[in-house]
Amino acid sequence: MFGCTVLPLLHPSVLTADLMGKRHNMRSSTGLVEIIGLTEKFTFNPKEGIDNPVMVNTDDADSVSTPSPRLCVLNREEEESFGFNLRVERGRHGHIIRSVVSGGVAGRSGLQDGDRLLEVNNCYVDDIPHPEVARRIKLCGHQLCLLVLDGDEYEQVVCRGQDLRGLVRAHKGESCKPPRLYHITRDPVSGLGINFTPVEGEKGHFSVSLVTGGAAEKAGVCKGDRLVWMNGVTVSEFTHSALSRMMKKCGNHITILVIDSESEKEHLRQRMPILPTMAVPQNLPYRPRKLHLVSGGNSEGYGFLLRLEKAPSGRIAHVLREVDSGSPAEKAGMLDGELLLEVNGESVESLKHEEIVDRVRESRQHVSLTTITPQGLEFYTQFGLSPLIFCGEDAEKEKESSVPVCAAEQSLQKEMDDSCKPRLCYLQKGPLGFGFNLGCVPQTPGTFISLVAIGDSGQSSGLLVGDVVMEVNGQNVEDKYLEDVIMLMKEGGHFLSLLVMDKTGYNKLKHTDIPARDCNDSEEEETHEISSL
């Protein structure tokens, strides 16, 4: 669609006029026009022509302060909310903390309005979509650890193009690893194969010792690990004799949370609790399953019944029943008697039966259901955990265990699918502008990204060289000329939102005549995304 980019050598006075907002010269003998109009500072070298303005940094590096993330630990009671909202706002980066209730759980933890959320229970979330972040928070139970950064500091980091992940790693320390959750089944000969020894001089701290070749060692527990939690009970207040009595009552199974000694020290240094919701699951006996049902489009539906039933424990559950032979439900692997946990990633715990049925029907020809056996739900419930916490990790393990060729094919297919979706990029003007250049084909409507400055706002937002610009601040610009597009960008002031798309995917999109907005899964409504937590 576009030809090769050639940067014409312009006289510095011409470029200065462009930056002052005057008319752009659209004539060029090169066959392509590239306008540099979104930056403000540059140097001129007569031997090399005009330096790229976005690449010149005249700020004093010594004056830049080091941002400092804060850890906020939230503990709520039953039926109590955490007392804050999580938002995604137009023109701003990151997951934004809002509406912190004064004197509430979040307020007492030190959470402040405008903070940006970096981690939830030791999981980096800055690059995760808002609905998934809110889902993780809601599944955490009564205790929550949030790593946040002051809003102004966050915007400075983004504008400077600093690595947020690196900032988090430096704050936590390289030696800090997540805890691990193990389920151990007693061996008829060697038993559980694990013992716990008090750590000298540290009350409530117990070190793991193992029987060589025993059940615990086979499960993956390591000698010297520190015991944090056993069968849902934190052991920090236990004496060794109380722990031994608890071990004798465990029967044929035991579920433990452990962490290596160096990571335990790092958690103590940061005053961060070690929670099962942070853990990497190992050999858990039950796990949720994701079922993908595809209907043939006829009036028969998916071929199963959803019933509201009371479990032996007294819990009311949504149960899958009467799976028809040869139906989409049977083909997806649905089993009679399984319990429904989610519809299309939305928990059904707070939904009425009729609302769940509506969610399934609204899905039309494809629906995703998350299920678990009744025994599985009881297993997690006795520990005060949601089975959905580990649903994502199990899915990743299944992918890792796939045949390498299949994994490569899936990766290639994902890349192809992603290229066919527009991307919404948010930019904030820094000291050197937005950090990208626009290009166009002469006397032809339409613009594209011709250069992205390394470490600047354009790169941080996800812009790529060659991306076709489809919208500027919500206004379609596919049929507008370069000059008009630049004027629209300037009208936005210090904030800019661009809907862009890979050139190959854009050409496919236009060939199939699919509306652009229908392809954008991450599109936000004008009211933004808000989750009350």
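In case you missed it, the structure is sitting above this.
To start, this report covers the structure provided alongside it. Since we're looking at a predicted model, the values are computed, not measured. (Residues numbered from 1 in each chain as written. Predicted model: local features only at pLDDT ≥ 70, side-chain atom pairs only at ≥ 80, totals over all residues. Heavy atoms only, no water.)

1. Focus: the nonpolar core
(1) Moving on: By size, the foremost hydrophobic cluster in this structure holds 22 residues, and its most contacted members are Leu181, Trp229, Leu257, Tyr380, Leu385 and Phe390.
(2) Moving on: Every element with two or more residues in this core is listed here: strand 13 (226-230), strand 15 (253-259), strand 19 (316-321), strand 20 (339-343) and helix 11 (374-381).
(3) Moving on: Among the elements that line this core, the one with the most residues is helix 11, at 3 residues.
(4) Moving on: The contacts of tryptophan 229, once residues within four sequence positions are left out, are Leu181, Thr234, Val235, Thr255, Ile256, Leu257, Pro276, Phe383 and Leu385.
(5) Moving on: In terms of nonpolar packing, the next biggest core, distinct from the first, is built from 21 residues, Ile184, Val208, Ala219 and Leu227 among them. (Core = buried A, V, L, I, M, F, W, Y, C linked by side-chain atoms within 4.5 Å. Buried < 20%, exposed > 50% of the residue type's maximum accessible area, 1.4 Å probe, protein only. Helix = DSSP H or I, 4+ residues; strand = E, 2+ residues; numbered from the N terminus. Contact = heavy atoms within 4.5 Å.)

2. Quick word on a negative patch on the surface
(1) Moving on: Taken together, Glu77, Glu78, Glu79 and Glu80 make up a surface patch of like negative charges.
(2) Moving on: Tracing the backbone through its elements, the reader meets glutamate 78 in the loop between strand 4 (70-75) and strand 5 (85-88). (Patch = residues over 30% accessible without salt bridge, like charges linked within 9 Å, V, L, I, M, F, W, Y side chains within 5 Å. Areas by Shrake-Rupley, 256 points an atom, 1.4 Å probe, with all protein chains shown as cover. Salt bridge = Lys/Arg side-chain N within 4 Å of Asp/Glu carboxyl O. Lys, Arg positive; Asp, Glu negative; His and termini not counted. Charge placed at Lys NZ, Arg CZ, Asp CG, Glu CD.)

3. Some thoughts on the environment of glutamate 155
(1) Moving on: Locating glutamate 155 in the fold gives a position in helix 4 (residues 151-160).
(2) Moving on: Once the C-alpha coordinates of glutamate 155 and arginine 92 are considered, the two residues, 63 residues apart in sequence, prove to be 8.3 Å apart.
(3) Moving on: In this view, glutamate 155 contacts Arg92, His93, Arg116 and Gln428; residues no more than four positions away in its chain are not counted.
(4) Moving on: Side chain to side chain, glutamate 155 and histidine 93 meet in a polar contact 3.1 Å long. (Polar contact = N/O pair within 3.5 Å; in protein donor to acceptor, adjacent residues only side chain to side chain.)

4. Let's talk about unusual backbone geometry
(1) Moving on: Backbone geometry places arginine 271, a non-glycine residue, at a positive phi of 55°.
(2) Moving on: Inspection of the secondary structure puts arginine 271 in the loop between helix 8 (261-270) and strand 16 (280-282).
(3) Moving on: We classify arginine 271 as exposed; its relative accessible area is 75%.
(4) Moving on: Unlike most non-glycine residues, glutamate 322 shows phi in positive territory, near 50°.
(5) Moving on: Within the element layout of this structure, glutamate 322 appears in the loop between strand 19 and helix 9 (328-331).
(6) Moving on: According to the relative accessible area criterion, glutamate 322 is partly exposed, its value standing at 47%.

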